[in-house]
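Listed here are the chains, written in short residue letters.
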Amino acid sequence: MKKWKKLASAAMAAMMCAALLTGCGGEKKQADTGDTIKVGAAFELTGNVANYGKSINEGFKLAVDELNKNGGVNGKKISVVESDNKSEPAESGNAVTKLITQDKVVAVVGPATSGCVNAATPITTANKIPQIAPAATAPSITVENGKVKDFVFRACFIDPFQGQVMAVFADKTLKVKNVAIFYDSSSDYSKGLAEVFQKTLEGKGGKIVAKEAFLAKDVDFKSALTKLKASNPEAIYVPGYYEEVSKIIKQAREIGITCPMLGSDGWESPKLAEIAGKDALKGCYYVSAFNAKDEDKSVQDFIKKFKEKYQKDPDIFAMQGYNAGLILADALKRAGYTDGTKLAKAIAETKDLPVASGKLTFDANHNPVMPALIIGLETGTPTLVEKISL
C-alpha cells in the first residue's frame, strides 16, 4: 500500500508540473544553441537501481560519441545533459522538468524503470518532447487505455512478447505439452508473463497441468514444488527475478525435479549460477535480448566498441541504451531538432535501422520489432540457443 501511495503521489506531482508547463506555452521551438544540440539523459544514476541507469547511460553516450565523430546532425554536435532521478518516481518528474525548462533539451532518453518513466511521461508529453525508454517493459509505457502515446517510445521488447516467445520455444523446440507454472503472485511482471505464456501454450494445444504461487523474498519453496512435481510436468515455467528463481531451481533439483525449467529476462544475473549451482542449471532456459556469445556482426561490433571505450564488457542495459541513442540519432538526421512533433513522427517511422541487436523497426504501438533470444544455462554460463521472431 505504501508503494502505491508513493507512486500515486509521484504521478500527481508529475501531472501538476505538466499542467504548469503546458500553461506556459506547451511545445516550445528549441532555440539554436550554436554548434550543439542538447539531448537529455534522465537516468537512475544513484539509488536502488543505479546499476541499471549507469549501464544504460554508458551505452547511450557511446552512440552519441559515434554520431559526433561522424559529423553530428547537419554539422551540429550532440551534447548530452544528464539528470539523476535517484531511482525514485517522485524525483523523475523533477529531473525531466529541469532538462526541459532549464537545459532546453530537444529529446529525453530514459529513465530505465517503468515507474520512473511513467512519472516523467506527463511532462515530456505536455511539452511535446520525444522520450525514448531504453529498458521499460510494461505495456502501459507506450499505450494506455487503448491510446498510443504520441511522444513516448521504447527500445526493448514488452513483457507479453517474451511470454509468447518462451511458449513458442517450449512447443516447437522442446516439444513439451504438459507444463506447470510457478509464479510470483506479488509481482505484476510475473503474473502477466504467466498469463501470456499459458494462453499462448494452450493456443498451441498444450496444457497447464499445475499452477502454484510464491511471494517475493520467500526462501523455502519445497512444499509448492512438491505439488508441482506430483503433476508430472514436462517443463516448469518460472517467470520471476533471479533472487527467488535461483533458490527455486536449487530446491527443485534437490527434491528430484529433473525436467526443463523455463524463465524470463528477470533471471539474468551472475548470481543465478552462484546461488543455484551450475549443475542445477542443466535444462534451464530464459528469454533475453542480448548475449555476448551472439555471433551476429552487429552484436560483436557493439561489444568491441563498448570495451574500447569503457574497458569492460557490456550488459543488456548498455545495449538498450546504445540502441536508444541510435534511434534518436537516426530520427534527428531525418527530422531536424527544432520541432518535437516532427521528431516524434520520425522516430515512429523508424524502419530497418541497424542497431546492436540487428535491425529495428517500430510497430504502431511504438514498440520495436526485434527478435528475442533463448538463453541456455547447460554449462552454468549463459549461451545463445535460439533466436525467435514472432
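In this text the structure is predicted, and so the values were computed from the model without any measurement.

1. Remarks on the environment of serine 269
Then comes step 1: As for its placement among the helices and strands, serine 269 is situated in the loop between strand 11 (261-263) and helix 9 (270-276).
Then comes step 2: Residue class for serine 269 comes out buried when judged on its relative accessible area of 19%.
Then comes step 3: Here the alpha-carbon distance between serine 269 and tyrosine 242, two residues 27 residues apart in the chain, equals 6.6 Å.
Then comes step 4: At a separation of 3.1 Å, a polar atom in the side chain of serine 269 contacts the main-chain amide nitrogen of lysine 271.

2. Digging into unusual backbone geometry
Then comes step 1: Proline 111 follows glycine 110 through a cis peptide bond whose omega is -5°.
Then comes step 2: Looking at the secondary structure, you find proline 111 in the loop between strand 3 (108-109) and helix 4 (114-126).
Then comes step 3: Notably, lysine 128 is not glycine yet its phi reads approximately 55°, a positive angle.
Then comes step 4: Residue placement: lysine 128 occurs in the loop between helix 4 and strand 4 (131-133).
Then comes step 5: Residue class for lysine 128 comes out partly exposed when judged on its relative accessible area of 34%.
Then comes step 6: Positive phi is not limited to glycine here, since asparagine 232 has a value of about 50°.
Then comes step 7: Note on placement: asparagine 232 falls in the loop between helix 7 (222-230) and strand 10 (235-238).
Then comes step 8: By relative accessible area, which is 63% here, asparagine 232 ends up exposed.

3. Side note on helix 6 (residues 188-203)
Then comes step 1: A rise of 1.5 Å per residue sets the reference length of helix 6, with its 16 residues, at 22 Å; its end C-alpha atoms lie 22 Å apart and thus fit the reference within 8%.
Then comes step 2: Every buried residue belonging to helix 6 is among Tyr189, Ser190, Leu193, Ala194, Val196, Phe197, Thr200 and Leu201, and all of these are buried.
Then comes step 3: On its buried face, helix 6 sits against helix 5 (159-173), strand 8 (178-184), strand 9 (207-214), strand 10 and strand 11.
Then comes step 4: Sitting at the head of helix 6, serine 187 places a side-chain oxygen 3.3 Å from the backbone nitrogen of tyrosine 189.
Then comes step 5: Glycine 205 sits one or two positions beyond helix 6 and adopts a positive phi of about 90°.

Conventions we followed
- Residues numbered from 1 in each chain as written.
- Predicted model: local features only at pLDDT ≥ 70, side-chain atom pairs only at ≥ 80, totals over all residues.
- Heavy atoms only, no water.
- Helix = DSSP H or I, 4+ residues; strand = E, 2+ residues; numbered from the N terminus.
- Buried < 20%, exposed > 50% of the residue type's maximum accessible area, 1.4 Å probe, protein only.
- Polar contact = N/O pair within 3.5 Å; in protein donor to acceptor, adjacent residues only side chain to side chain.
- Expected span 1.5 Å × (residues − 1).
- Contact = heavy atoms within 4.5 Å.

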